[in-house]
Amino acid sequence: MGSTITVHKLDEQGVEVFHYNGILIGERGNSLTLEAYYERSDVQFFGLTFREGDRFIETYYSDHWFNIFEIHDTDDDIKGWYCNITRSARIEQGHIYAEDLALDLLVYPDGRVQVLDEDEFEAMELSESDRKNALSALEELKQWVERRKGPFYRLTAENRPAV
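Predicted model, so just to flag it, every value in this text is computed and none were measured.

### Details of the overall build of the protein chain
Then step 1. A count of helical and extended segments in the protein chain gives 2 helices and 11 strands.
Then step 2. Shown N-terminal to C-terminal, the secondary structure of the protein chain runs as helices and strands in the order β-β-β-β-β-β-β-β-β-β-β-α-α.
Then step 3. The C-alpha radius of gyration of the protein chain comes to 15 Å, within 12% of the 15 Å expected for a compact globule of 163 residues.
Then step 4. When the backbone C-alpha atoms are referred to their principal axes, the protein chain occupies close to 40 × 35 × 35 Å.
Then step 5. With 163 residues in all, the protein chain has 47% of them scored as buried.
Then step 6. Taking the intrachain contacts of the protein chain between residues at least 6 apart in sequence as the baseline, contacts between residues at least 24 apart amount to 44%.

This is the structure we're talking about:
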């Protein structure tokens, strides 16, 4: 634990779009969890503000078609979860490779969910199998939210979403 991991965000063709470093804080079966900090200018994003210094707890799975970022403000309050639909992460010594398939799920602290970038996803040239796996992953994530599974355990019973 505590080692530096380089995250490589790839497009659907496997071409690197950007990379950054995080610190390994957890390893469990087929997943790795990292801590990383938002190092860009402040941006408004679907009712949330991402600010420089926000802490991201990022979990990557080699057996699921998504990754989940739990977003904390500088006071460590949870802002929400940003979930990327990706092909299963390729985890190698010191590196994680995630092929982003555009489709995203934003989960607010009160349990509301919003699907993002559906038009971009539809425009991608994906195999029928990849398209099916991506849509299944989106449904799986919605179920995780509903059941408060994984990092969504922080949703309270009274805020349980209708997915």
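More follows now that the structure is in view.
### Quick notes on the packing of aromatic side chains
Then step 1. For the coordinates displayed, the defined rule picks out 13 aromatic pairs.
Then step 2. On the numbers, 5.0 Å between centres and 85 degrees between planes, the contact of Phe45 with Phe46 is edge-to-face.
Then step 3. Classification of Phe46 by relative accessible area gives partly exposed; the value is 41%.
Then step 4. Ring centres of Tyr61 and Phe66 lie 5.4 Å apart, and the angle between their planes is 65 degrees; on these two criteria the pair is classed as edge-to-face.
Then step 5. What links up through ring pairs into an aromatic cluster is the set Tyr38, Phe45, Phe46, Phe50, Phe56, Tyr60, Phe69 and Tyr82.
Then step 6. Positioned over the ring face of Phe18 is Arg40, at 4.9 Å from the centre of the ring.
Then step 7. When the ring centre of Phe121 is taken as origin, the NZ or CZ atom of Arg131, which lies over that ring, is 4.9 Å away.

Calculation rules
- Residues numbered from 1 in each chain as written.
- Predicted model: local features only at pLDDT ≥ 70, side-chain atom pairs only at ≥ 80, totals over all residues.
- Heavy atoms only, no water.
- Helix = DSSP H or I, 4+ residues; strand = E, 2+ residues; numbered from the N terminus.
- Rg over C-alpha atoms; globule rule 2.2 N^0.38 Å.
- Buried < 20%, exposed > 50% of the residue type's maximum accessible area, 1.4 Å probe, protein only.
- Contact = heavy atoms within 4.5 Å.
- Phe/Tyr/Trp six-rings, centres within 6.5 Å; stacked < 30°, edge-to-face > 60°.
- Lys NZ or Arg CZ within 6 Å of the ring centre and 35° of its normal.

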